[in-house]
Every structure is written in structure tokens, then in C-alpha cells.
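The chain contents come next:
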Amino acid sequence: MAQQTLLENVRVLLAGKPGCRQQTVFGLPAFLLHGRLCCAVDNSRLLVRVDQHSYRQMLDQPAIRPFVLCGQPLTGWLLIDSRALGPHELLVWVEKSCRHVSSLPTFTGMDHESSPAY
């Protein structure tokens with residue numbers, strides 16, 4: 001799945017989701033949920049945020065790699081090769097990421113438009 005196709009498919013899945021907006025994060029087209037980064041598209045890979053307890057187990061799956069920023073893997077962030085993402089798998093990963101991000105504490109004292117995207 002090419003980057004543009006993957007991006008469009010993620011956009012369709014998140015269309016109309018309350019609190020969701022698209023913006024550029026880490027130089028990538030990304031989707032924030034209530035001000036927190038939920039998922040993004042990096043070339044032909046999907047970047048998702050998952051709970052840290054199952055993160056290591058998920059890394060054992062084929063086509064899944066840690067997201068590395070500035071030479072360091074970010075625990076809880078996974079890159080999934082789009083070749084492993086059929087329509088059902090894409091939906092599962094986007095929903096998993098949305099569920100995790102929704103479980104995180106909400107920001108206080110800041111509006112979501114100016115809040116950090118992590």
C-alpha cells in the first residue's frame with residue numbers, strides 16, 4: 001500500500017471521530033485524538049501508539065518495528081509495514097491506537113489546539 005493510499009485509508013477510518021484532527025508531527029501526516037498523537041503515516045508504514053505493557057510482545061510480530069526518533073526507539077510506538085495491513089488489520093491497529101490514546105490522562109490547563117502532540 002503506497003503512502004498516499006495508506007494515508008487516505010486512515011483518514012477515512014478517523015473521519016468524523018470526535019476530537020480527531022490531522023496535522024504534521026515529526027514531519028509526518030499525523031492524526032491527533034484530543035490533542036495527543038494517535039497515529040501517523042511514514043512512507044508506507046503506519047505509526048501507532050500502544051500500551052507499554054504489550055509493546056514488547058507486539059514487536060515479535062512480523063512487519064512490526066519500533067519507531068526510532070533521534071536514534072532512540074520510543075517505547076509504546078510501533079511502525080507497521082503497510083504490506084501487512086489489509087483493510088481489517090488497518091482498522092484493528094487504528095482502533096487499538098485510538099483506544100490507548102483515549103485511556104491516557106487528559107491535558108489540563110491547556111486547550112487541545114495548542115497542546116503538545118504526544
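Refer to the structure printed above.
Residues numbered from 1 in each chain as written. Predicted model: local features only at pLDDT ≥ 70, side-chain atom pairs only at ≥ 80, totals over all residues. Heavy atoms only, no water.

**Student:** Looking at this model, I keep getting lost on the pairing of strand 1 (residues 20–25). Mind explaining?
**Tutor:** Across a regular strand the side chains alternate sides, sitting on one face of the sheet and then on the other. As judged from the 6 bridges shared by strand 1 and strand 2 (residues 28–33), these two strands associate in the antiparallel manner. Each residue of the ladder has a partner; that of Gln-23, found in strand 2, is Ala-30. Hairpin connection from strand 1 to strand 2: 2 residues lie between these consecutive antiparallel strands, with Phe-26 at a positive phi of about 55°. (Pairing = 2+ DSSP bridges. Helix = DSSP H or I, 4+ residues; strand = E, 2+ residues; numbered from the N terminus.)

**Student:** Can you help me understand the state of the cysteines in this one?
**Tutor:** Every disulfide links exactly two cysteines, by a covalent bond between their sulfur atoms. The tally for this structure, following the rule as stated, stands at 0 disulfides. Free of any disulfide, Cys-98 has its nearest neighbouring cysteine sulfur in Cys-38, separated by 3.4 Å. (Disulfide = S-S within 2.5 Å.)

**Student:** Hey, could you run me through the sheet that holds strand 6 (residues 72–81) in this one?
**Tutor:** By way of backbone hydrogen bonds, the strands of a sheet pair with one another, either parallel or antiparallel. Here we have 6 strands laid out as an open sheet, ordered 1-2-3-4-6-5, and antiparallel in their pairing. Looking along the sheet, the strands with just one partner apiece sit at the ends: strand 1 and strand 5 (64–69). Neighbour to neighbour, the strand axes of the sheet diverge by 35° on average, direction disregarded. Pairing geometry for strand 5 and strand 6, over 5 bridges, is antiparallel. Along strand 6, the bridge assignment pairs Pro-66 with Leu-78. (Axes fitted to C-alpha atoms, helices over the stretch in contact; angles between N-to-C directions.)

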